[in-house]
Amino acid sequence: MLKYFIAIVVIEMSFCEQLNENSCPPAKDFSRVVIVGGSITEIFYLLGIENKIVALDITSNFPEEAKNFPSIGYVRMLSAEGLLSMNPSIILGENDMGPQNVIEQVNQTGVELLIIPEEKSLEGIIGKIKCVANIMDVSSNAYDLINNKYKNIIVQIEKNKKTILGKKISAMVIYSMQGTSPIVSGSGESGDAFLQLIGARNAFASFEGWKPASSESIIANNPDYIIVTNRLLKRFSNLEELRNHPSLSQTKAAKNNQIIAKDGMAMMGFGPRTISCALEVSKIFSSK
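Residues numbered from 1 in each chain as written. Predicted model: local features only at pLDDT ≥ 70, side-chain atom pairs only at ≥ 80, totals over all residues. Heavy atoms only, no water.

Caption draft 1: Fine view of the confidence of the model for the protein chain. Taken over all residues, the pLDDT of the protein chain has a mean of 92, while the share at 70 or more is 92%. Across residues 1–21, confidence stays below pLDDT 50; counting only partners more than four residues off in sequence or on other chains, it has 27 contacts. (pLDDT = per-residue confidence, 0-100. Contact = heavy atoms within 4.5 Å.)

Here it is as structure tokens:
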């Protein structure tokens, strides 16, 4: 238990170093916030400061009531006019916010724009929560949540991770289908980062990015588990139909009924829900 406690202390110390580098300075005016990034929106609701939001991007779809805010478009395809039309006092974005020329245009107007540091790990998620809290001057809320809600969860994830690493479990993450070919996470992507977080080996780490995978390559890599998004599962009547898909049916995962469906943003958004999702999936992986 001591080593897990030490791991959590390291998380907190590491992020304190980030704050000392002024990567998350307090906002000059946080009365009207435009958010570009679903994980940041989740954090605002977690901290109970959603009343400061005036508009969101379309990836900000959780919780359900977040959909009631005006939309400023997709995180990577924004316009300066759309952002500024909301009369924001500050714009908070994730690191994939863009395009770059829009960011430059907004910066030239004098409207405060901050990009939240991103690290796809448990430490990174905790850091992101603290960063948003510091910007919004509610740091005590974040520390209370982390101490009361997340510390024990992180301990359990780390414990499960050790078991998963010992079992050398392999898995693949499928985001969608291109025709009949699954679109699979290679290395360097959020799906790969999620598997690393729980200690599973990515069966498709040999390539980078999201790419279609042939039936032959899936059978050759033969993952122990397959994780799909709920969005993909909607294309099928149930998990059984997906399990019998020609590209998957010959894998160990399909034969052992070890295909799991999860909300894509919860799993790969690396916001607060990713911690809960990691606990759920790591429990499944470590229990068999």
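Now that the structure has been shown, we can carry on.
Caption draft 2: Up close: a nonpolar patch on the surface. A contiguous nonpolar surface patch, about 330 Å² in accessible area, is contributed by Ile58, Tyr74 and Met77. If you trace the backbone, methionine 77 turns up in the loop between β2 (53–56) and α3 (80–84). For methionine 77, a relative accessible area of 65% gives the class exposed. (Patch = residues over 30% accessible without salt bridge, like charges linked within 9 Å, V, L, I, M, F, W, Y side chains within 5 Å. Areas by Shrake-Rupley, 256 points an atom, 1.4 Å probe, with all protein chains shown as cover. Salt bridge = Lys/Arg side-chain N within 4 Å of Asp/Glu carboxyl O. Helix = DSSP H or I, 4+ residues; strand = E, 2+ residues; numbered from the N terminus. Buried < 20%, exposed > 50% of the residue type's maximum accessible area, 1.4 Å probe, protein only.)

Caption draft 3: Structural detail: the state of the cysteines. Scanning the model with the defined rule gives 1 disulfide in all. At a sulfur-sulfur separation of 2.0 Å, the disulfide partner of cysteine 24 is cysteine 131. Measuring the twist about the S-S bond at about -100°, one finds the cysteine 24-cysteine 131 disulfide to be left-handed. With a gap of 107 residues between them, cysteine 24 in the loop between α1 (2–20) and β1 (33–36) and cysteine 131 in helix α5 (residues 122–135) connect regions that are remote in the sequence. (Disulfide = S-S within 2.5 Å.)

Caption draft 4: Molecular detail of the packing of α5 against helix α13 (residues 272–287). Relative orientation of the contacting elements α5 and α13 amounts to 150°, with a least axis distance of 9 Å. Judged by the angle between their axes, α5 and α13 are roughly antiparallel. In this structure, α5 meets α13 at a crossing whose hand is left-handed. Residues Leu122, Ile125, Ile126 and Ile129 of α5 form the contact with α13, whose participating residues are Pro272, Thr274 and Ile275. Tallied by class, the residues present in the contact of α5 with α13 amount to 6 nonpolar, 1 polar and no charged. (Axes fitted to C-alpha atoms, helices over the stretch in contact; angles between N-to-C directions. Parallel < 35°, antiparallel > 145°, perpendicular 65-115°, else oblique. Left-handed = near helix turned anticlockwise from the far one by under 90°. Nonpolar A, V, L, I, M, F, W, Y, C, P; charged D, E, K, R; others polar.)

Caption draft 5: Main features of the nonpolar core. Of all hydrophobic cores here, the largest spans 55 residues; its most connected members are Phe44, Leu47, Leu92, Ile135, Phe194, Ile198 and Phe285. Not counting the four nearest positions on each side in its chain, leucine 47 is found in contact with Ile129, Val132, Ala133, Val138, Asn141, Ala142 and Leu145. (Core = buried A, V, L, I, M, F, W, Y, C linked by side-chain atoms within 4.5 Å.)

Caption draft 6: How the structure looks around unusual backbone geometry. At the junction of phenylalanine 62 and proline 63, the peptide bond is cis and its omega measures out at -5° in the coordinates. Residue position: proline 63 is located in the loop between β2 and α3. Cis geometry marks the peptide bond from glycine 98 to proline 99; its omega dihedral reads 5°. For proline 99, the position within the fold is in the loop between β3 (90–93) and α4 (100–109).

Caption draft 7: Inspection of the pairing of β2 at higher detail. The pairing of β1 with β2 spans 3 bridges and is parallel. Pairing of valine 34 across the sheet is with alanine 55, part of β2. (Pairing = 2+ DSSP bridges.)

Caption draft 8: Examining helix α7 (residues 190–198) more closely. In terms of burial, α7 is a largely internal element, 8 of the 9 residues being buried. Turning to α7, its buried residues number three or more, namely Ser190, Gly191, Asp192, Ala193, Phe194, Leu195, Leu197 and Ile198.

Caption draft 9: Main features of the packing of aromatic side chains. Counting across every chain of the model gives 3 aromatic pairs. Their ring planes at 25° and their centres at 4.1 Å tell us that tyrosine 225 and phenylalanine 285 sit as a pair that is stacked. Of the two residues, tyrosine 225 sits in strand β9 (residues 225–229) while phenylalanine 285 sits in helix α13, which places them 60 residues apart along the sequence. The two residues tyrosine 225 and phenylalanine 285 agree in class, both being buried. Directly above the ring of phenylalanine 62 sits arginine 273, whose terminal nitrogen or CZ lies 3.9 Å from the centroid. (Phe/Tyr/Trp six-rings, centres within 6.5 Å; stacked < 30°, edge-to-face > 60°. Lys NZ or Arg CZ within 6 Å of the ring centre and 35° of its normal.)

Caption draft 10: Structural view of the pattern of salt bridges. On inspection of all chains with the given rule, the structure shows 9 salt bridges. Here arginine 76 and aspartate 96 are joined by a salt bridge, their closest N and O atoms 3.6 Å apart. One end of the pair, arginine 76, is in the loop between β2 and α3; the other, aspartate 96, is in the loop between β3 and α4, with 20 residues separating them in the sequence. For aspartate 96, a relative accessible area of 27% gives the class partly exposed. For aspartate 224, the salt bridge goes to lysine 252, with nearest N and O atoms at 3.1 Å. Of this pair, aspartate 224 sits in the loop between α8 (215–221) and β9 while lysine 252 sits in helix α11 (residues 252–255), placing them 28 residues apart in sequence. Through salt bridges with shared partners, a single ionic network connects Glu42, Asp263 and Arg273.

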